[in-house]
Amino acid sequence: MAELLVGFDRATRTDPDGVQAPPEAITLDSSTLLRHVMALGSSGSGKTVFCKALTEEMLRAGIPAICIDPQGDLCSLALHLDDPEFLVEKGLDPELARELAASIDPVIFTPASRKGIAMSADPVGSDVSGMPDRERVYAITGMATMIVSLLGYDLEGDDGAGLVAVFDRALAGLHKRGKFPRDLQQFTHWLLHLDDAGKAEFANLLDARKIDQACQKLARLDVGARRLLFHEGLSLDIDLLLGFGDRAAADESKTRVSIIYLNSLNTQEDKEFFVAALTERLYAWMLKNPSKEPQALFYIDEVAPFIPPVRKPACKPALSLMFKQARKYGICCLMATQNPADVDYKAMAQFGTWALGRMTTRQDMAKVQPTVKSLDPVHVDKIMEELPAQKPGQFLLISPDNFDHTRSLQTRWLYTKHETLDEDRIERLVDEYTYPAEPADPDETQGGDELPAPQTMRERFDALEAELKATSTRPEAAPDRAEPEIATVEQKDDEAEEDEEDEPEETAAPAQASSSIPAPPKTDPELDEADKLLLRTSSMFAKEFATKAGIGEGAARARLRRLVKAGRAKEWKDGRVQRYFSVAGGLRPDIGLDRKVNALITRVSSSDVERKARELRGRTSFFGLIGEEEELQHAEVEYRLVMQLGFTEKVTRAFIKRLFGRDHDELVDFVYLHPYSLRIVVYDADKGISLHEQPGEYASRIIDFDGKTTLEEAEPARLKLRESDLKTRKADDVIKASFKQRFRAAPKTVKPVFLPVWNLHFGSPGRSAARIVTIDGLTGNPLEW
């Protein structure tokens, strides 16, 4: 087993002569990761650096890694830190950094996008042949769950649960008949061609009309931009991600680290689906490739949105099962979150090593205290007291497998760069990252023959994709996929006959293979270059664009207007001149949003909205008489602005604690304010969201979103914003002054955060909407502002 250097003990040491000794190195045995590692801490605590250091150590030990990167923080694992003086200053050996750079094989995958290495995932793409019966049942249920989630159903609602049961039974039946679909397109084709007799099999699970509606939705999944999720680029494959086999474009002398950048997907549902598909594939892979020793690392940088305590996203069942079973098969799990209160406690219980960084909210500390008490009952009070005072990079490391007491850790620095990469930088990195050229056979390079030209990351994987496409005449199918096309309904009926004759069956036209690649649209190279240049910054004047493009200002203005006409750019008047920005950047500099914003993840699904509408709808009145009952005509999600204010506050400690220590705790926390009334936002999971002038003496004791909800970074152009909020919001200095008048606390930062709401449009049948009711997207309660 390898020893993994994660950092140094913060306790000072002296030798027998009283001279201060170097800090003690803290290492973890690689086998420790079989019982999984969880890193917790507020934003800026250094948990991502801790996890990346642990990932580097696993890679140095020759263990490949699959890293799910929600924001771009992990993509820089591909960037070698070539700064020996800086590394020495950080207490690291520069030679180890060079060795790591020479020994790893990094790849950045971007699902449904060509910015990095494109990757697609088909929910029915897993091969269930050869699985034990029990595991096959889990796998088929997982496929059904993913499909229903992609359709937008609430998995815990009646319709969602019923549809999962329908698809589960359908897939299990197809497997039993040896006609398991090889992709979603084939499964959709089979469902759409079911006759009344075929549908009767599911009558006790869900109403036939609702099944028909779901099948129509399913057919639309494979149309338009969303089809890229199922068809664009290389198919999701665990051997490819781990660099195993002859279909991975791998260098056998190096250890692969696959970084999957999720922000190439536009919706949280698509991200949850991709994580579910990957986890299901990894689970199936480990069953076929068991190992008692660590054989792969599975790392999710911000896990809270994918395995919440109450909501059931598509990936939650797969992740829960993975955390329970992975250690038996050599899969090491590494997870991090800044919101421990937003992670399912049963999942957290599967983790044996905890790295606790700075925590400041009561909810987060209350969430981790039971675990701390179970792992280190002697020092629990001391640990909880230290958590709010820790600095970035400082952790309390609890690992009963390695230490007999909690260690005070200062995380080591990284051998790779620690930067956040956006899609533009990822595209440049994939285009420019070069693998060293190596001859296929050393004997072939004699007599001064030159080595083949080195390949870029993109060239290597474009070649692999072309090779796989050329050989996509699938290998001989396993028994449960023996029929490559799904039989028509008439054939199914024929098969049901006991006296079936041995005649050749007519089959539906073969579905397009999931690895096929749609023809690229025709492009204008001049506009492509202009758009790429415009993407380098949030917006530009025509004069700025002309300077960067090396053309005249008139030509620049003409080119920018062509971009606007093509729908690839937008313009607005900034003072007396026009500014331009690229639509592809996803930003809204025209309303002051020139970078990604924080948005709360909605917990209210469309099914929840339908149930709420039934509670809220009334009756229309005609000349005072009782009229027709209202109906919900449509509902839409909108994002409202609230202002997040960071502050520090001294809070008087309890009397007993003052007897044995300091009088005050200094806490770092946030409050949320209405953007123009500046009233304080209070959040109650049962009663909803309300506004107050001053809910209590201490700002840090206000119950709000922190620790109870999850924030994610989002491109503002992807959100439907109420733009009037941004135009009427108070200035930052006004917000801080108002806060200081109400609390004895020091305001620090002011940032916009966007709250999801649902606008429900009610009206009488056959008439336009007459009434709009707004409910918040977190609890489903009416919102009055």
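In what follows, the accompanying structure is described. (Residues numbered from 1 in each chain as written. Predicted model: local features only at pLDDT ≥ 70, side-chain atom pairs only at ≥ 80, totals over all residues. Heavy atoms only, no water.)

1. Considering the overall build of the chain
For the record, the criterion: Helix and strand definitions here come from DSSP, where helices need a minimum of 4 consecutive H or I residues and strands a minimum of 2 consecutive E residues; each element is numbered from the N-terminal end. When a residue's accessible area, from a 1.4 Å probe over protein chains only, is under 20% of the maximum for its type it is buried; when over 50% it is exposed; and in between it is partly exposed. The contact definition used throughout considers only heavy atoms, calling two residues in contact when any of these lie within 4.5 Å. Throughout, the Shrake-Rupley method with a 1.4 Å probe supplies accessible areas, and for residues the shown protein chains are the sole cover considered.
Counting its secondary structure elements, the chain contains 25 helices and 30 strands. Counting only residues that meet the buried cut, the chain has 51% of its 785 residues in that class. A separation threshold of at least 6 residues defines the contact pool for the chain, and within that pool the share at least 24 residues apart is 72%. Surface exposure of the chain reaches about 36400 Å², of which carbon and sulfur atoms provide 49%.

2. A closer look at the sheet that holds strand S20 (residues 577-582)
How we decide: Any two strands with at least two DSSP-identified bridges between them are counted as paired. Orientation is described by lines fitted to C-alpha atoms, with helices fitted over the stretch in contact, and by angles between N-to-C directions that extend from 0 to 180 degrees.
Taking strand neighbours across the sheet as the criterion, the 3 strands line up as S18-S20-S19 in an open arrangement whose pairing is antiparallel. The open sheet terminates on both sides in strands that have one partner only, identified here as strand S18 (540-541) and strand S19 (569-574). Bridge analysis of S18 against S20 gives 2 bridges, and the strand direction is antiparallel. When the sheet's bridge partners are listed, phenylalanine 541 is paired in S20 with arginine 579. Sitting on the sheet, helix H19 (residues 525-534) is in contact with S18, S19 and S20, with an inclination near 100° to S20.

3. A short note on the packing of aromatic side chains
To keep it simple, the criterion reads: For this analysis, a ring pair means two rings from Phe, Tyr or Trp (six-membered ring only for Trp) whose centres lie within 6.5 Å, classed as stacked if their planes differ by under 30 degrees, edge-to-face if by over 60, and tilted for the remaining angles.
Scanning all chains against the criterion turns up 13 aromatic pairs. Ring geometry for phenylalanine 647 and phenylalanine 739: centres 5.3 Å apart, planes at 40°, overall tilted. Of this pair, phenylalanine 647 sits in strand S24 (residues 631-652) while phenylalanine 739 sits in helix H25 (residues 732-742), placing them 92 residues apart in sequence. One exposure class covers both phenylalanine 647 and phenylalanine 739, and it is buried. With a centroid separation of 5.0 Å and 70° between ring planes, the pair formed by tyrosine 672 and phenylalanine 705 is classed as edge-to-face.

4. Some remarks on helix H20 (residues 542-549)
Note the following rule: Within this analysis, the arc is defined by the directions that extend from the helix axis to the C-beta atoms.
Of the residues making up H20, those classed as buried are Ala542, Phe545 and Ala546. Down the axis of H20, the sector holding all buried residues measures 100°, keeping them to one side. Facing away from the buried surface of H20 by more than 90 degrees, the exposed residues are Lys543, Thr547 and Lys548. On its buried face, H20 sits against H19, S18, helix H21 (553-565) and S20. Directly after H20, the chain includes glycine 550, whose backbone phi takes a positive value near 70°.

5. Here we look at the packing of H19 against H20
Helix packing geometry: the angle between the two helix axes and the distance between the axes. Counted only if it meets this: Between 65 and 115 degrees an angle is taken as roughly perpendicular, under 35 as roughly parallel, over 145 as roughly antiparallel, and anywhere else as oblique. Left-handed describes a crossing whose near helix is turned anticlockwise from the far helix through less than a right angle; right-handed describes the clockwise counterpart. Amino acids outside the nonpolar list (Ala, Val, Leu, Ile, Met, Phe, Trp, Tyr, Cys, Pro) and the charged list (Asp, Glu, Lys, Arg) are all regarded as polar, and Gly is one of them.
For the pair H19 and H20, the least separation of the axes is 11 Å and the interaxial angle reads 110°. The angle between H19 and H20 places the two elements in the roughly perpendicular class. Judged by the twist between their axes, the crossing of H19 over H20 is right-handed. Across from Ala530, Leu533 and Leu534 in H19, the residues of H20 making contact are Phe545, Lys548 and Ala549. When the residues that make up the contact of H19 with H20 are grouped by side-chain class, the tally is 5 nonpolar, no polar and 1 charged.

6. Concerning unusual backbone geometry
In the Ramachandran plot, alanine 112 falls in the positive-phi region, its phi being about 65° despite a non-glycine side chain. Inspection of the secondary structure assignment puts alanine 112 in the loop between strand S7 (104-111) and strand S8 (117-120). Not every positive phi belongs to a glycine, and leucine 678 is a case in point at roughly 60°.

7. Looking at a negative patch on the surface
Cut-off, in case you're wondering: Every patch collects residues that have over 30% relative accessible area and no salt bridge, joining them within 9 Å if they carry like charges and within 5 Å if they are nonpolar side chains (Val, Leu, Ile, Met, Phe, Trp, Tyr). Throughout this description, the term salt bridge denotes a Lys or Arg side-chain nitrogen within 4 Å of a carboxyl oxygen of Asp or Glu. Just so you know, the count uses Lys and Arg for positive and Asp and Glu for negative, and it drops His and the chain ends. The atoms used to mark charge sites are NZ of Lys, CZ of Arg, CG of Asp and CD of Glu.
There is a patch of like negative charges on the surface, built from Asp82, Asp83, Glu85 and Glu89. Along the chain, aspartate 83 falls in the loop between strand S6 (65-69) and helix H2 (84-89). A relative accessible area of 34% places aspartate 83 in the partly exposed class.

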